[in-house]
Amino acid sequence: MRWFDGLAAVAIAGVSAYLVAQAPLRELEGTAYDLLLRARHEIYGPAGGGRQGPPASSPVVVIALDRETALRPPFDRLPQELWTPQIAGVVNRVLAGGARIVAQQDVFTATANDTLPHYDAHYLAVLARGAQQGRIVLGRRAPAPDRLGPAPEIIAAAGGDWNVRRIALYPDADGVLRHAALYESSHDVTGTVSRNPSLALELAARVIGERPHLLNGSTLLLGRYPVPGSEDNAMLLNFRGGRGGIPVFSLGDLHACDEAGDAAFFRKHFDDKVVLIGRSDVPRVRRVTAARFLDSAPQTRDAERCRLPVMQSLVGLENGGDMAEVEVSATAVRNLLQRDAVKTLPQTAALLASTLLALATALAVTRIALALVAPGVLVVLGGWGYLAVVMLARENWLMPLAQPAGAVVIAFAATWAYRRLRGRGLRLRRARSPAA
């Protein structure tokens, strides 16, 4: 019966691998990645075992148009579209403080100039000066000329469409945001396909000083860095939680800093940085991300205050997984600059690993006592999970986790059932033999 048991083990392993390759179980790899980020955080700390230091060492920072700002004067008396004079003052200070580039992700779709002449003059002038230096980029949520794009006057002040880029953040099938697109494809009237960098890729390319290009029409190179996930135009983001995250500054505090003339604060925190400005105060700009199990709320980012303390009444109102899109874009830029985007194995590798582990499990169940196999399976699964955490922390490699684990569990259950049925059949044949 040994040969028959071996054949059964092979068949069970094949069926197990086939089942975990189907969409329901395959999509669990996304949740497994989220849990791996948490496990890496617990074992290696907020920096995640990489070379990155505390938030102050991040090459990217965020200025949030947050709820706290909206509750402080003079913002509390104005709709957000009329915050442009205050934004202009802060952007001017940030540029003077040595920022590499400033990107306003959430750009207003209209200006106040039509009803309040010259109201936005200072804002448009700051954008024009920054654009002339190649240090201003605007974000767009939809392809041109969609009405969700920046107002024409703002685009013109920022130097035209060359300085406007698509935000390009798309959730996975389960609604969790884990990937960022690197470019968007468009067709002109002649049918020619062109690829324009996303906002994150444009910012990283300007900092590096080299334009990205596709190698062999698939792998995207940024400098000498082959960007992981570029074959599918979906870079897997490497989130870090708590004090290993990206510093978030409140626009209201920076406005008070600008009013006080504290240029030293801006030089300290924005010199040589990529600065993203965006909203974080409304649900429509907040997404559930792969960092949902991490402590990634803004108050844990260790961003030093200039003039105004944190509003204690707002602390704890935002949970870690609900992250502003501007922070996700900042994470994408940092991944590109620090070359630590997560690399993934092809689906065939996940299928091979699942098959081999399922085969080993099935063979063990057919030949070894169940009292020994069950603990052994748990040890193998634990060891595989720990290896996945180590590879993610040390090499930024994402090993398949949900599929191999699922294959092992299915193979164990199926082979145990086969062993029970085989044993029952043997006992029945032995019981019938004397009568025969």
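Residues numbered from 1 in each chain as written. Predicted model: local features only at pLDDT ≥ 70, side-chain atom pairs only at ≥ 80, totals over all residues. Heavy atoms only, no water.

**Structural notes on the packing of helix H5 (residues 84-96) against helix H9 (residues 251-259)**
Interhelical geometry of H5 versus H9 gives an angle of 70 degrees and a closest axis separation of 9 Å. Taken together, the axis directions place H5 and H9 in an arrangement best described as roughly perpendicular. Within the contact between the two elements, H5 uses Gln86, Ile87, Gly89, Val90 and Arg93 and H9 uses Leu251, Leu254, His255 and Asp258. Split by residue class, the contact of H5 with H9 holds four nonpolar, three polar and two charged. (Axes fitted to C-alpha atoms, helices over the stretch in contact; angles between N-to-C directions. Helix = DSSP H or I, 4+ residues; strand = E, 2+ residues; numbered from the N terminus. Parallel < 35°, antiparallel > 145°, perpendicular 65-115°, else oblique. Contact = heavy atoms within 4.5 Å. Nonpolar A, V, L, I, M, F, W, Y, C, P; charged D, E, K, R; others polar.)

**Quick look at the packing of aromatic side chains**
Aromatic ring pairs: the centre-centre distance and the angle between the two ring planes describe each pair. Enumeration according to the criterion identifies five aromatic pairs in this entry. Ring geometry for Phe249 and Phe270: centres 5.0 Å apart, planes at 45 degrees, overall tilted. In this pair, Phe249 sits in strand E13 (residues 248-250) while Phe270 sits in helix H10 (residues 263-270), placing the two residues 21 residues apart along the sequence. Phe270 carries the same exposure label as Phe249, and that label is buried. Ring-pair connections join several aromatic residues into one group, and the members of that group are Phe249, Phe265, Phe266 and Phe270. Here the basic side chain of Arg165 rests over the ring of Trp162, its NZ or CZ set 5.4 Å away from the ring centre. (Phe/Tyr/Trp six-rings, centres within 6.5 Å; stacked < 30°, edge-to-face > 60°. Buried < 20%, exposed > 50% of the residue type's maximum accessible area, 1.4 Å probe, protein only. Lys NZ or Arg CZ within 6 Å of the ring centre and 35° of its normal.)

**Some words on H5**
Taking 1.5 Å of rise per residue, 13 residues should cover 18 Å, and H5 covers 18 Å from first to last C-alpha, within 8% of that figure. Within the sequence span of H5, burial applies to Thr84, Gln86, Ile87, Ala88, Gly89, Val90, Val91, Val94 and Leu95. Just beyond H5, the residue with positive phi is Gly98, at close to 100 degrees. (Expected span 1.5 Å × (residues − 1).)

**Describing the sheet that holds strand E5 (residues 169-170)**
Spatially, E5-E6-E12 is the arrangement adopted by the three strands of the open sheet, whose pairing is antiparallel. The open sheet has two edge strands with one neighbour each: E5 and strand E12 (235-236). The pairing of strand E6 (residues 179-180) with E12 spans two bridges and is classified as antiparallel. Counted as the bridge partner of His179 is Leu236 from E12. (Pairing = 2+ DSSP bridges.)

**Quick word on the pattern of salt bridges**
Scanning the model with the defined rule gives 22 salt bridges in all. Across the pair Arg178 and Asp172 runs a salt bridge, and its minimum N-O distance is 3.0 Å. Salt bridges sharing common partners tie together Asp34, Asp172, Asp174, Arg178 and Arg292. (Salt bridge = Lys/Arg side-chain N within 4 Å of Asp/Glu carboxyl O.)

**A closer look at the state of the cysteines**
Counting across every chain of the model gives one disulfide. Sulfur-sulfur distance for the disulfide between Cys257 and Cys306 comes to 2.1 Å. With the S-S dihedral at roughly 70 degrees, the linkage between Cys257 and Cys306 falls on the right-handed side. Separated by 49 residues along the polypeptide, Cys257 in helix H9 and Cys306 in the loop between strand E15 (286-288) and strand E16 (322-324) bring together distant segments of the chain. The same class applies to Cys257 as to Cys306, namely buried. (Disulfide = S-S within 2.5 Å.)

**A word on the packing of helix H3 (residues 28-44) against helix H13 (residues 370-395)**
Helix-helix packing is characterised by the crossing angle of the two axes and by the distance between the axes. Look at H3 against H13: their axes get within 9 Å of each other, and the N-to-C directions meet at 75 degrees. In terms of orientation, H3 lies roughly perpendicular with respect to H13. In contact with Tyr33, Leu36, Leu37, Ala39, Arg40, Ile43 and Tyr44 of H3, H13 contributes Gly385, Tyr386, Ala388, Val389, Val390, Leu392, Ala393 and Arg394. The residue inventory of the contact of H3 with H13, partitioned by class, reads twelve nonpolar, one polar and two charged.

**Observations concerning the pairing of strand E10 (residues 219-222)**
Side chains Thr219 and Leu221 project from E10 onto one buried face, and the interleaved Leu220 and Leu222 project onto a second face that is buried too. Inspection of the sheet shows strand E9 (residues 213-215) paired to E10 by three bridges, in the antiparallel sense. Bridge pairing links His213 to Leu221 in E10. Here two bridges tie E10 to strand E11 (residues 225-226), and the two strands are oriented antiparallel to one another.

**Quick word on the layout of surface pockets**
The method is simple in principle: a probe with the dimensions of a water molecule rolls over the atoms, and the space it marks as empty is what remains. Space inside the largest pocket adds up to approximately 850 Å³. Taken together, 28 residues form the lining of the largest pocket, with Arg26, Glu29, His179, Thr344 and Gln347 sitting closest to its centre. Of all the elements in the fold, those that place two or more residues in the lining of the largest pocket are H3 and helix H12 (347-367). The element that contributes the greatest number of residues to the lining of the largest pocket is H3, accounting for five residues. Class assignment for the residues of the lining of the largest pocket results in 13 nonpolar, seven polar and eight charged. (1 Å grid on protein atoms, 1.4 Å probe; cavity = no way out; pocket = protein on both sides within 12 Å on 5 of 7 lines; lining within 4 Å. Points joined across faces, edges and corners; volume = space filled by probe spheres on them.)

**Observations concerning empty space enclosed by the protein**
Counted under the stated rule, the structure contains three cavities of 30 Å³ or more. Empty space within the second largest cavity amounts to approximately 40 Å³. Along its surface, the second largest cavity is lined by Leu37, Arg40, His41, Gly45, Pro46, Ala47, Gly48, Phe239, Arg240, Gly241 and Leu294. Residue composition of the lining of the second largest cavity, by class: five nonpolar, four polar and two charged.

**Overview of the side chain of Ser198**
Among the secondary structure elements, Ser198 is positioned in the loop between strand E8 (193-197) and helix H8 (199-208). Among the polar contacts listed, one links the side chain of Ser198 to the backbone oxygen of Ala181, at a separation of 3.0 Å. Residues within four places of Ser198 in sequence aside, it is in contact with Arg165, Arg166, Ala168, Ala181, Leu182 and Tyr183. (Polar contact = N/O pair within 3.5 Å; in protein donor to acceptor, adjacent residues only side chain to side chain.)

These results come straight from atomic positions and should not be treated as a statement about function.
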